[in-house]
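Structure assessment
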Amino acid sequence: MSVAVPEPAGLRVGDELAPLPIEPITRTTLALFAGASGDHNPIHIDVDAARAAGLDDVFAHGMLSMAYLGRLLTGWAPQERLRSLSVRFTAITPVHARPTCHGTVTAIEDGLATLALAVRLADGTTTLTGTAVIDLRPPHPQGAA
Amino acid sequence: MALDLEAVKAAEIPETSMTLERGRLVAFVRAIGERDPVYLDAQAARAAGHPDIPAPPTFLFALETESPFPFDQADRLGFDPALVLHGQQSFSYDRLAYAGDVLTCRSRIVDAYAKTPAMDFVVKRSEIRRGDGERVLVAETLLIFRSAVAA
């Protein structure tokens with residue numbers, strides 16, 4: 001699959017990206033993400049450690065939800081067009097939660113599209129908010145300024 | 001226990017490096033539920049114009065987690081690792097990194113301050129470069145250190 005660059009001419013402030021629904025987050029997902037991401041903090045994978053920290057259960061890595069936002073963006077534009085991605089983690093994501101990723105175009109200026117991003121759970125909790133900048137301009141020839 | 005802000009600001013963070021292994025990237029891609037073959041199959045990646053499978057946008061945070069700082073110095077710096085939160089994360093991208101690339105990560109603390117009497121903010125900035133010196137991205141991490149004092 002290759003993703004086409006969004007056409008600047010067809011893009012408007014206020015346009016929404018097709019939301020990306022995520023499968024319910026399982027303990028298996030957390031274990032596999034811990035291993036592959038290198039974040040081995042036991043609070044995400046070991047219920048004993050979570051309880052020792054005063055929590056009822058493990059919860060998902062914030063970076064897992066940020067990775068889902070990455071999927072939203074690279075499904076919309078080729079990754080080499082992504083100039084920046086930043087998020088604020090606003091609430092924890094419990095096991096079994098069903099996140100959905102959202103993006104809205106908030107500015108189009110000088111060939112750059114700015115998107116407002118959010119991850120929301122089925123119960124309405126916003127777990128991440130953020131912004132991304134996507135370069136819509138044709139690529140420069142090699143060596144051009 | 002209160003975080004020693006001056007010690008945090010003065011901390012030297014060891015450089016980390018990593019060879020981007022295709023298998024590790026695929027494991028990450030599967031764990032996040034990505035199904036685009038560009039991220040799973042080197043042939044599909046090449047057909048899309050890439051030299052190999054690209055690292056997805058947030059994968060390279062793994063290089064930062066390779067450094068145990070500050071968690072290896074919790075006692076000296078004065079914090080409880082169980083009370084540290086990841087508050088914000090940003091990436092500013094220069095170019096893609098691909099399976100086979102050898103990357104290095106240099107991190108430093110760019111700010112550390114008491115946000116409230118019970119909460120300290122620490123900002124770490126990391127630059128990830130390829131072996132040829134070309135910069136791949138700059139990452140910024142906001143860590144929130146809560147004090148164990150009961151509210």
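Coordinates for the structure precede this section.
This one's a predicted model, so the numbers in the text were calculated from it and none came from an experiment. Numbering of residues starts from 1 in every chain and runs along the sequence as written. Key to labels: chains lettered from A, ligands numbered from 1, both in the order written. In keeping with the predicted nature of the model, local features appear solely for residues at pLDDT of at least 70, side-chain atom pairs appear and are counted solely at 80 or more, and the whole-chain, interface and lining totals rest on all residues.

**Things to note about the overall build of chain B**
Think of it this way: any DSSP run of H or I at least four residues long counts as a helix, any run of E at least two long counts as a strand, and we number them from the N terminus. Within chain B, the regular secondary structure consists of 5 helices and 5 strands. Reading the secondary structure of chain B in the N-to-C direction produces α-β-α-α-α-α-β-β-β-β. C-alpha extents for chain B along the principal axes are approximately 55 × 30 × 20 Å. Whether a residue is buried, exposed or partly exposed is read from the other C-beta atoms within 10 Å of its own C-beta, which are placed from the backbone; 20 or more gives buried, 12 or fewer gives exposed, and intermediate counts give partly exposed. Of all 151 residues assigned to chain B, the portion counted as buried reaches 35%. In chain B, the share of contacts with a sequence separation of at least 24, taken over all contacts with a separation of at least 6, comes to 70%. Each residue is represented by a C-beta atom placed from its backbone, and any two residues with such atoms within 7 Å are regarded as in contact.

**Here's the deal with the overall build of chain A**
A count of helical and extended segments in chain A gives 3 helices and 5 strands. Counting from the amino terminus, helix and strand elements in chain A follow one another as β-α-α-α-β-β-β-β. Based on the C-alpha atoms only, the size of chain A along its principal axes is roughly 55 × 35 × 25 Å. Taking all 145 residues of chain A together, 33% fall into the buried category. If you take every contact in chain A between residues at least 6 apart in sequence, the share linking residues at least 24 apart comes to 65%.

**Some words on the environment of B:A7**
Residues and elements named next belong to chain B. Looking at the element boundaries, A7 is found in helix α1 (residues 5–10). Sequence-wise, A7 and R76 are 69 residues apart; in three dimensions their C-alpha atoms are separated by 8.5 Å. Other than its neighbours up to four places away in sequence, A7 contacts R76 and L77.

**Here we look at the interface of chain B and chain A**
On the chain A side, the residues contacting the 29 residues of chain B number 33 residues. Note on residue classes: Ala, Val, Leu, Ile, Met, Phe, Trp, Tyr, Cys and Pro are nonpolar, Asp, Glu, Lys and Arg are charged, and everything else, Gly too, is polar. Considering only residue class, the side of chain B that touches chain A consists of 16 nonpolar, 9 polar and 4 charged.

**Brief notes about the pairing of strand β4 (residues 112–121) of chain A**
Residues and elements named next belong to chain A. Relative to β4, strand β3 (residues 99–109) runs antiparallel, the two sharing 10 bridges. Residue pairing for β4: C101 is matched across the bridge by V119. By this definition, two strands are paired if DSSP reports at least two bridges between them. One ladder, built from 9 bridges, connects β4 with strand β5 (residues 126–135); its direction is antiparallel. Within the sheet, the bridge partner assigned to T114 lies in β5 and is V133.

**Things to note about helix α2 (residues 22–31) of chain B**
Turning to α2(B), its buried residues are B:L25, B:F28, B:V29 and B:A31. Looking straight down α2(B), one finds its buried side chains confined to an arc of 165°; they lie on one side. Considering only its buried residues, α2(B) is in contact with α1 (27–37) of chain A. The positive-phi residue at the C-terminal boundary of α2(B) is B:G33, with phi of around 80°. The directions considered for the arc are those from the helix axis to the C-beta atoms.

**Topic: the pairing of strand β3 (residues 102–116) of chain B**
Residue and element names in this part refer to chain B. With 4 bridges connecting them, strand β1 (residues 16–19) and β3 associate as antiparallel partners. Bridge assignment links M18 to a residue of β3, and that residue is L103. Judged from the 12 bridges that link them, β3 and strand β4 (residues 119–130) form a sheet pairing that is antiparallel. Along β4, the bridge assignment pairs D111 with V123.

**Overview of the sheet that holds strand β1 (residues 20–21) of chain A**
Spatially, the 10 strands line up as an open sheet ordered β1(A)-β3(A)-β4(A)-β5(A)-β2(A)-β2(B)-β5(B)-β4(B)-β3(B)-β1(B), and their pairing is antiparallel. Either end of the sheet is taken by a strand with one partner, and the two such strands are β1 of chain A together with β1 of chain B.

**Here we look at the environment of A:R71**
Mapped onto the secondary structure, A:R71 falls in helix α3 (residues 62–74). The spatial distance from the C-alpha of A:R71 to the C-alpha of A:L20 is 8.2 Å, given a sequence separation of 51 residues.

**As for α1(A)**
The set of residues buried in α1(A) consists of A:T29, A:L30, A:F33, A:A34, A:A36 and A:S37. Of the surrounding elements, those touching the buried residues of α1(A) are α3 of chain A together with α2 and α4 (61–65) of chain B.

**With respect to the packing of α1(A) against α2(B)**
Between the N-to-C directions of two axes lies an angle of 0 to 180 degrees, each axis being a line fitted to C-alpha atoms and, for a helix, fitted only over the stretch in contact. Running from N to C, α1(A) and α2(B) point in directions that differ by 150°, and their axes come no closer than 9 Å. As far as their axial angle goes, α2(B) and α1(A) are roughly antiparallel. The chirality of how α1(A) crosses α2(B) is left-handed. Between α1(A) and α2(B), the residues in contact are A:T29, A:L32, A:F33, A:G35, A:A36 and A:S37 and B:R24, B:A27, B:F28 and B:A31, respectively. Along the lines of polarity and charge, the residues of the contact of α1(A) with α2(B) split into 6 nonpolar, 3 polar and 1 charged. What sets the label is the angle itself: under 35 degrees gives roughly parallel, over 145 gives roughly antiparallel, 65 to 115 gives roughly perpendicular, and the rest give oblique. Each crossing is labelled by how the near helix is turned from the far one, with a counterclockwise turn of less than a right angle marking it left-handed and a clockwise turn marking it right-handed.

That is the geometry; function is a separate question.
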